Amino acid sequence: MKEIKRFHEAASQLADTAARIRRTGRKIIGYPCSYAPEELIHAAGCHPMRLFSSGHGIVQAENHLQSYCCSVVRGILEDSLAGRLDFLDGTMFPHTCDSMQRLSDIWRMNGAYEFFADLALPAKLNTPNSAVYMESVLARCKADLETALKISITDADLAASIALFNRIRTHLSTIHDFYSRHPGQIRGSDMNALVKGAMIMDRDEAAALLADVAASLRHMPVPDTPVTRVVLSGSVCDIPDLFDAVEAAGGAVVGDDLCTGQRWFDGQVAEDQPPLTALANRYRERVICPSKHAGLTTRADHLISLVNKTRAHGVLFVMLKFCDPHAFDYPYLKECLDAKGIRSMALEMDEGYRNQGQFSTRIETFIHML
Ligand code: SF4
Ligand code: SF4
């Protein structure tokens, strides 16, 4: 499908994507984590661009970060130091895991970009105070953008951006629903590209193309080959080969608990509330990652309900090396899955990982075991 190809290109030809956006006169603000309020950046007339590691070798970042930091954080810093992100006008760092917070400090001291913002988000999201705190952090972020860009962001601007991002989330949810109900109708690597591309490219273009993809899927034949249904769980998953390996083994990814997947596009920002309050509410209520807290068993409860909803046969934990928050959560998540008789396997890898024999063999064995 030619629309899907655009999403692959937007991510793989990053400099071209950025150049096209800059030609429209918009500044580009990068962010490394899905807790960044993209709607606010967009309402400020800028382009929000999610940062991923390009997967080039780590050379200069070694001087700033220990080698036991995850490949996401090291890769993004390397891209910045090597000049591969020179198209950025600024960056925004939400306070989430320790590695991300250290990256933020190093970035602030070494970055050569015009705008920098730290968002000290609450870690505990299920208290009444966190609602007030979250909204005040977003209000501060809005004020920082207004001062730096010498603009004013009105409620109408923010409401329009919220509506656009809600459209993107709606289309992605519709497409994902087809993908989950009819494995094989759309490849896992394509679904992954749609989500990643929508975090990078012009959002009006993304919304229009996603609407076309969703409409095309309605008319596509539904494959009837039986597959083993798998749910992925982890942080960032920028490894298209993983989806290919699952499919080659006779499986299909039917759902995920990833910040480059459903955690990003599930749930809407309410359009009938004051915009900043609505944004704060979504960040408190969305599916959480382990760098936030919303209850002792919230993540396990969500994962089990996702397995039940998608009729998955098992869960594949995609653990990035040195990602402590996910590594700390893994034993309790596995224990909760075991208690429900849900089989799982943990696969440790780097973001730049590409298909290798051992990786495919482990996935194949897991799929056959389910
Ligand atoms: S797992 Fe959480 S902290 Fe890490 S990048 Fe994703 S949203 Fe951010
Ligand atoms: S949550 Fe894990 S993968 Fe994401 S930035 Fe932190 S350490 Fe890296």
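Throughout what follows, the structure given in this document is the object of discussion. The structure displayed is predicted, hence computed values, not measured ones.

### Details of the side chain of E146
Piece 1. Within the secondary structure layout, E146 lies in helix α6 (residues 128-149).
Piece 2. The exposure class assigned to E146 is buried, which follows from its relative accessible area of 19%.
Piece 3. If we skip the residues at most four places from it in the chain, E146 touches I151, S152 and I153.

### So, the site of ligand 1
Piece 1. Within the structure, ligand 1 sits among C33, S34, Y35, T96, S235, C259, R263, C289, S291 and H326.
Piece 2. The pocket occupied by ligand 1, as judged from atoms lying within 2 Å of grid points, is the largest cavity.
Piece 3. Broken down by class, the residue content of the shell around ligand 1 amounts to four nonpolar, five polar and one charged.

### With respect to the layout of surface pockets
Piece 1. Quantified by volume, the second largest pocket comes out at close to 250 Å³.
Piece 2. In terms of lining, the second largest pocket is formed by 14 residues, of which the most central are C97, D98, S99, D324 and P325.
Piece 3. Taken together, the elements giving at least two residues each to the lining of the second largest pocket come down to α5 (98-110) and α14 (324-339).
Piece 4. Across the lining of the second largest pocket, the residue classes break down as seven nonpolar, four polar and three charged.

### Concerning the sheet that holds strand β6 (residues 251-257)
Remark on secondary structure: sheet strands pair via backbone hydrogen bonds, oriented parallel or antiparallel.
Piece 1. Read from one edge to the other, the open sheet built from four strands follows the order β6-β5-β7-β8, with strand pairing classed as parallel. Strands at the two margins of the open sheet, each flanked by one partner only, are β6 and β8 (343-349). Sheet twist, expressed as the mean angle between neighbouring strand axes with direction ignored, is 30°.
Piece 2. Direction of pairing for strand β5 (residues 228-234) relative to β6: parallel, over a ladder of six bridges. Considered in β6, the bridge of S233 is made with D257.
Piece 3. On the sheet, helix α7 (residues 155-181) packs against β5 and β6 and is oriented at approximately 140° with respect to β6.
Piece 4. This element, α14, spans β5, β7 (314-320) and β8 of the sheet and lies at about 170° to β7.

### Things to note about the packing of aromatic side chains
Piece 1. Throughout the structure, instances matching the rule amount to five aromatic pairs.
Piece 2. Every member of this aromatic cluster is reached through a ring pair, and the members are F93, W107, Y113 and F116.
Piece 3. Cation over ring: K196 sits above F52, and NZ or CZ is 4.9 Å from the ring centre.
Piece 4. The lysine or arginine in question, K292, covers the ring of Y35, its NZ or CZ lying 5.6 Å from the ring centre.

### Topic: the sheet that holds strand β2 (residues 47-50)
Piece 1. Here we have four strands laid out as an open sheet, ordered β2-β1-β3-β4, and parallel in their pairing. With partners counted over all chains shown, the strands left at the sheet margins are β2 and β4 (115-119), one partner each. Across the sheet, the axes of successive neighbouring strands diverge by a mean angle of 20°, strand direction being ignored.
Piece 2. As paired elements, strand β1 (residues 28-31) and strand β3 (residues 90-94) share two bridges and run parallel to each other. If you follow I29 over to β3, its bridge partner there is G90.
Piece 3. Helix-sheet contacts for helix α2 (residues 14-23) involve β1 and β2, and the interaxial angle to β2 is about 170°.
Piece 4. Relative to β3, α5 is tilted by about 150°, and along the sheet it contacts β3 and β4.

### Some words on the nonpolar core
Piece 1. M92, W107, L172 and L242 are the most contacted members of the largest nonpolar core, which totals 109 residues.
Piece 2. Not counting residues up to four positions away in its chain, the partners in contact with L242 are L232, C237, L316, V318, L347, M349, F359 and I363.
Piece 3. One finds V231, A300, F317 and M319 within the second-largest nonpolar core, a separate group that totals 15 residues.

### Notes on the pattern of salt bridges
Piece 1. Considering all chains together, one arrives at 22 salt bridges under this definition.
Piece 2. Across the pair K5 and E9 runs a salt bridge whose closest N-O atoms are separated by 3.7 Å. Placement of the pair is K5 and E9 together in helix α1 (residues 2-12), with a separation of four residues, close to one helical turn.
Piece 3. One network of salt bridges, in which partners are shared, links K5, R6, E9 and E205.

### Remarks on the side chain of S291
Piece 1. As for its position among the elements, S291 is in the loop between α12 (275-285) and α13 (298-310).
Piece 2. On the basis of relative accessibility, which here comes to 15%, the residue S291 falls in the buried class.

### Digging into the site of ligand 2
Piece 1. Residues in contact with ligand 2, as listed here, are C70, V73, C97, S99, M100, S235, L320 and C323.
Piece 2. For ligand 2, the cavity whose grid points lie within 2 Å of the majority of its atoms is the largest cavity.

### Some remarks on the packing of α1 against helix α9 (residues 203-219)
Piece 1. Packing of α1 against α9 brings their axes to within 9 Å, and their N-to-C directions diverge by 145°. Regarding α1 and α9, the two cross each other, and that crossing is left-handed. Contact residues: α1 offers E3, I4, R6 and F7, while α9 offers E205, A206, L209, L210, D212 and V213.

Rules used throughout
- Residues numbered from 1 in each chain as written.
- Chains lettered and ligands numbered in written order.
- Predicted model: local features only at pLDDT ≥ 70, side-chain atom pairs only at ≥ 80, totals over all residues.
- Heavy atoms only, no water.
- Helix = DSSP H or I, 4+ residues; strand = E, 2+ residues; numbered from the N terminus.
- Buried < 20%, exposed > 50% of the residue type's maximum accessible area, 1.4 Å probe, protein only.
- Contact = heavy atoms within 4.5 Å.
- Near = heavy atom within 4 Å.
- 1 Å grid on protein atoms, 1.4 Å probe; cavity = no way out; pocket = protein on both sides within 12 Å on 5 of 7 lines; lining within 4 Å.
- Sits in = over half its atoms within 2 Å of the grid points.
- Nonpolar A, V, L, I, M, F, W, Y, C, P; charged D, E, K, R; others polar.
- Points joined across faces, edges and corners; volume = space filled by probe spheres on them.
- Pairing = 2+ DSSP bridges.
- Axes fitted to C-alpha atoms, helices over the stretch in contact; angles between N-to-C directions.
- Phe/Tyr/Trp six-rings, centres within 6.5 Å; stacked < 30°, edge-to-face > 60°.
- Lys NZ or Arg CZ within 6 Å of the ring centre and 35° of its normal.
- Core = buried A, V, L, I, M, F, W, Y, C linked by side-chain atoms within 4.5 Å.
- Salt bridge = Lys/Arg side-chain N within 4 Å of Asp/Glu carboxyl O.
- Left-handed = near helix turned anticlockwise from the far one by under 90°.

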